[in-house]
Amino acid sequence: MAAEQTLILVKPDGVARGLVGEVVSRIERKGYTIEALELRTLERETAEEHYGEHVDKPFFGELVDFITSGPLVAMCVSGDDAIVGMRTIMGATNPIEATPGSIRGDFATVIGENIVHGSDSTESATRELGIFFPDRVPG
Ligand code: IDP
Ligand code: MG
């Protein structure tokens, strides 16, 4: 068990569909802590940095178009093993494979609009929190 911080986004589809409260509620009920929260619309440059690992994927342009298409809610979430724990609450990337009871399993149908983002490792969490909440990253 490790105390961790992770970056969670309610993506523009989740905000547009009024699911911010639902996602926040699931995070709180699980027992994690919301350390910081901000509603913002990303510039393309910020989105390209955030999704830098996917720059060579065929869906990169679509991904950046989508994540910049409207306001999102960014959160720094902390708790025991919060990185993997949040990935479990979110469900599989493709909503048709996401378990019912997970956020993507309950609220999404297509991979390109899957409601939430969560960091996938300690390295990603540090990098991504540095983009959204630089004050939260130690050192
Ligand atoms: P993750 O969000 O579960 O970490 P990643 O593989 O990091 O999944 O992909 C980032 C985001 O890119 C996904 O959440 C999804 O919205 C989108 N994505 C992933 N694969 C595809 C694809 O094959 N087509 C369209 N969009 C995709
Ligand atoms: Mg990812």
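Let me begin by describing the structure that accompanies this report. Source: prediction; values computed, not measured. Position numbers for residues start from 1 in each chain and track the written sequence from start to end. Chain labels run from A onward and ligand labels from 1 onward, assigned in the order the entries are written. For this predicted model, a pLDDT threshold of at least 70 governs which residues receive local features, and a threshold of 80 or more governs which side-chain atom pairs are given and counted, while totals over whole chains, interfaces and linings are taken from all residues. Values shown for side chains rest on all heavy atoms present in the structure; no hydrogens or waters enter the calculation.

With that settled, consider the site of ligand 1. Whether a residue is near a molecule or strand is decided by its heavy atoms; if any one of them lies within 4 Å of it, the residue is near. Residues in contact with ligand 1, as listed here, are Lys 11, Tyr 51, His 54, Phe 59, Leu 63, Arg 87, Thr 93, Arg 104, Ile 111 and Asn 114. His 54 places a side-chain nitrogen or oxygen 2.8 Å from an oxygen atom of ligand 1. When isolated, ligand 1 has an accessible area of 530 Å², and the protein chains bury 78% of it. Just so you know the grouping, Ala, Val, Leu, Ile, Met, Phe, Trp, Tyr, Cys and Pro go in nonpolar, Asp, Glu, Lys and Arg go in charged, and all remaining residues, Gly too, go in polar. In the shell around ligand 1, the residues fall into 4 nonpolar, 3 polar and 3 charged. Two N or O atoms form a polar contact when they lie within 3.5 Å of each other; inside protein one atom must be a possible hydrogen donor and the other a possible acceptor, and for residues adjacent in sequence the pair counts only when both atoms belong to side chains. The method behind every accessible area is Shrake-Rupley, applied with a 1.4 Å probe, and residues are considered shielded solely by the protein chains displayed.

A helix here means a DSSP run of H or I that spans at least four residues, while a strand means a run of E at least two residues long, and both kinds are numbered starting from the N terminus. Relative to the assigned elements, Thr 93 resides in the loop between helix H5 (82-90) and helix H6 (103-107). Any residue under 20% of the maximum accessible area for its type is buried, any over 50% is exposed, and the rest in between are partly exposed; the area is computed with a 1.4 Å probe on protein chains only. Note on Thr 93: relative accessible area 40%, which makes it partly exposed. Here the alpha-carbon distance between Thr 93 and Gly 112, two residues 19 residues apart in the chain, equals 9.1 Å. Look past the residues within four positions of Thr 93 in its chain and what remains in contact with it is Arg 87, Arg 104, Ile 111 and Asn 114. The contact rule is simple, with two residues in contact once any of their heavy atoms fall within 4.5 Å.

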